[in-house]
Amino acid sequence: MHLLKKGDFGKFVESLISRHEVIAPVKTDIVRFKVLEKGDGAEGKVVFDSPLYSAKEFFLPIKEPFYYFKKGKICESMEDGKNARKRIFFMNRCDINGVHRNDLILLDDPVDPYYREKRDNAILVEIPCVQSKRCSCVDIGLIDCYDLRIIDPGQDNPNYVLDAATEKGRHMIKEMYLSASYLPKQDIPSHQARNIAAENKEVWEDYGKDCFSCSACTAVCPTCTCFTIDGFMKLNGEEGHLYRELASCQLPEFTKVAGGFVFRKDRGSRGKQRIHCKFQYFREKYGHNRCVGCGRCNEACPVSINIFEYFGRLK
Amino acid sequence: MRSAASANPYVPERHKILKVTGETHDTATFRIDLKKKHMPGQFFEVSLFGIGECPISIASYSEKYVDMCVRDVGNVTKAMHGRKKGNYIWARGPYGNGYPMDEMYSKDIILIGGGTGTAPLRGALQYIDRHRNLFGKIIIFFGFRFPHDMLFKRDFREWGKKFNLNLTVDKVEDGDKSWKGNVGLVTALIDKARINPDSAVIMCGPPMMMKFAMQSLSNKGIKDENVYISFERLMSCGIGKCGHCELGGKYVCKHGPVFRYDKAKNMVD
C-alpha cells in the first residue's frame, strides 16, 4: 500500500507517460479513452469517468489484420513489435472486469495470439468509480482483477491509496469499497446469477418490436468480442492479408449461411441471443456474467432498450 | 517477433489438390493431400488468400487424404471451384467433435442424409466400412432434390452391395425417364422400412428434413439419445471465439457440430 497525494496525481501520470503508453479517460469534447501525451497529466484532463465507448478497441481493434501473404506464401505479421511497449490503462472496475471476461473466452484454449500479445503488455489500473447514472453493477458479480488500484478514501482525505493486487490488499480494499459511498442509490432490478427459462416469448416479442437492429449496444459493450474473419487482396492479386472485424449478433448477417438462410431472422430472437449470452450462456461456460453492468448499451440505444429491465422481466 | 508458427491457431497450412471429381453442375469433390488425423463429422476451415475462409465437412475417412465435397454457393466455394488438380488450397483444422463412432459399436446404424448433408455421412460410411465387424446392420436413406443433384453416384454400387441403400429424389423433371427409383421425401422411405428400434442414427441435412425424419424415427421407437444430428451454422473462427455459431450456449464449431438429439432439441434460437 502506498499513499499518493491527490495534488501529486498529475505528476504521477506524467511520470508514467514518460515511460509507457498510458490510456485513460480524458475530457475533450466528450469523455473518451485516449493515449495520453506529455502534458495530459495537468489537472482536470484525466477524469475518473466512464466514456461511452470502452477501451475494447485497444485489445480488439474494430479491424485487425491476422497474417499476411505474398505470392502464395504466408509471411510473418507486419505488425510485429508494434505492441511491444507496455500499455497502462486507467479504467473503471466494470471495464477491468470486462477485460477479464474477454480473457476468459479469448485466452481459453486455443489461445488467440493476437489478443494475447496486447493483453500481456497491458497493465490495468482501477480508478475510483464515480457511478455515472447509467451504471448498474452492484449485484452483477464484479470481481477484483486489477493490477493496481487507486482508491479515493473520501473527499476530505488528501491522499489516494495505491494498492497492488495482493491477497492482503484485496481483502482490505474490499471492506473499504463496501463501506464507502460508492453504492448507487437508484432502484435497479436484481440481475444476480439465476437461470433464464427457455420460454419468454412475450419478452422477446416486445424486444423485437422495440429494437431496430442498429447494433449500437454491441459496439459500445466492453465485453462484445464477436468477430468475422475475412480476406483482403491487393489489386496486384499477389499480396494481401487475412483480418478480423468486430461483428454484431444484433444484425441479421451474423447468422447468415451460404445460400442465404438466416437463422436468427427476427429481432426478438437476436435480442434473446444477446441477453442470454450476457447473463446465461457465458456463466454456464466460464462462471461469470459476461455483462459487467457498465450500462453503456442502455445509453447508446436510440430507442432506450434497457438490458437490465429486460433481464428483470425474464422468467 | 511473432511468427506464423503452428502455435497460432488462425494460420492455415498449404495442401495440394490431388483430384477433382465433378458431382453435379454446381458440386465437386476435392481430394486434398491432407494427412491430419480426423473423425467423420469433423470439418476443416478452408482458407483462400484474398477471398476468405469457410468451413467444409470431411467426406472421407483415410490417413492418406481428405475428400471435401464443395457446392458452389459462396465466395470461397466459388473460388475453390476454380482450382484444379495440382493447385493448392490452405486449410486449418480439423475442428468440431465428429460422430462418436465408439458409442455406436455393436449397434445397427441408420444414416439419413439430404443434399450436401450426405457428405459427412460418406465419411461415416467409410469409417464403418473400415471397422465393419464393430457395427451391426447398416441402413442408408439419402434424399436429393432432383436425380441430377445426386452426389457420390460412383459409390452407390459398392454401398448397395455392402449396406441397405435407399435413395429417393424429391421431384423428377417432366420428361426425365432416366430415374427409375423412389420419388418423394426421405421420411416416406423411413416409414416403409423395417427398423430395429435400438439402432443408432446419424443424420445430416436441411433442418426441415431432420425435423420430419425425427418424427418418423420416433414412430419406429428410436430413442432421442441414440440420434446424432449435425447443425449447420455460420462459422468464422472454428475454435469457439468468434461467436457466430453460438446456439443455446454451445458453440456449434467447438461443442458440435454433432449433437445428440435429446440435447439438441432444446437448443433453439
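Look up: the structure comes first, before these words.
What you see is a predicted model, and the numbers here were worked out from it, not measured in a lab. (Residues numbered from 1 in each chain as written. Chains lettered and ligands numbered in written order. Predicted model: local features only at pLDDT ≥ 70, side-chain atom pairs only at ≥ 80, totals over all residues. Heavy atoms only, no water.)

Draft legend 1. How the structure looks around the overall build of chain B. Tallying secondary structure elements over chain B gives six helices and 15 strands in all. On C-alpha atoms alone, chain B measures out to a radius of gyration of 18 Å, which is about the 18 Å that the 2.2 N^0.38 rule sets for 269 residues. For chain B, the spread of C-alpha atoms along the three principal axes comes to 65 × 45 × 40 Å. Within the span of chain B, comprising 269 residues, buried residues form 57% of the whole. Considering only contacts within chain B whose residues lie at least 6 apart along the sequence, 68% involve residues at least 24 apart. Computed over 41 positive and 28 negative side-chain charges, the inter-centroid distance for chain B is 4 Å. (Helix = DSSP H or I, 4+ residues; strand = E, 2+ residues; numbered from the N terminus. Rg over C-alpha atoms; globule rule 2.2 N^0.38 Å. Buried < 20%, exposed > 50% of the residue type's maximum accessible area, 1.4 Å probe, protein only. Contact = heavy atoms within 4.5 Å. Lys, Arg positive; Asp, Glu negative; His and termini not counted. Charge placed at Lys NZ, Arg CZ, Asp CG, Glu CD.)

Draft legend 2. Looking closely at the environment of A:Leu104. Residue and element names in this part refer to chain A. Its place among the elements puts Leu104 in helix H3 (residues 93-106). According to the relative accessible area criterion, Leu104 is partly exposed, its value standing at 21%. The sequence separation of Leu104 and Arg290 amounts to 186 residues, and the corresponding C-alpha distance is 9.7 Å. Once you skip the residues sitting within four places of it in the chain, Leu104 turns out to touch Phe282, Tyr286 and His288.

Draft legend 3. Representation of the interface of chain A and chain B. Taken together, the 47 residues of chain A in the interface contact 39 residues of chain B. When chain A packs against chain B, close to 3,700 Å² is buried across both sides, 56% of that on carbon and sulfur atoms. At the surface where chain A touches chain B, the tally comes to three salt bridges. Measuring nitrogen to oxygen at the nearest pair gives 2.8 Å for the salt bridge that ties A:Lys285 to B:Glu246. (Buried area = accessible area lost by both parts, 1.4 Å probe. Salt bridge = Lys/Arg side-chain N within 4 Å of Asp/Glu carboxyl O.)

Draft legend 4. Structural context of helix H5 (residues 207-219) of chain B. Residue and element names in this part refer to chain B. Over its 13 residues, H5 extends 19 Å from the first C-alpha to the last, a length consistent with the 18 Å expected when each residue adds 1.5 Å. Structurally, H5 contributes buried residues whose contacts are with strand E7 (109-114), helix H4 (186-192), strand E11 (200-204), strand E12 (227-230) and helix H6 (261-264). Gly221 occupies a position one or two residues after H5 and carries a positive phi of about 90°. (Expected span 1.5 Å × (residues − 1).)

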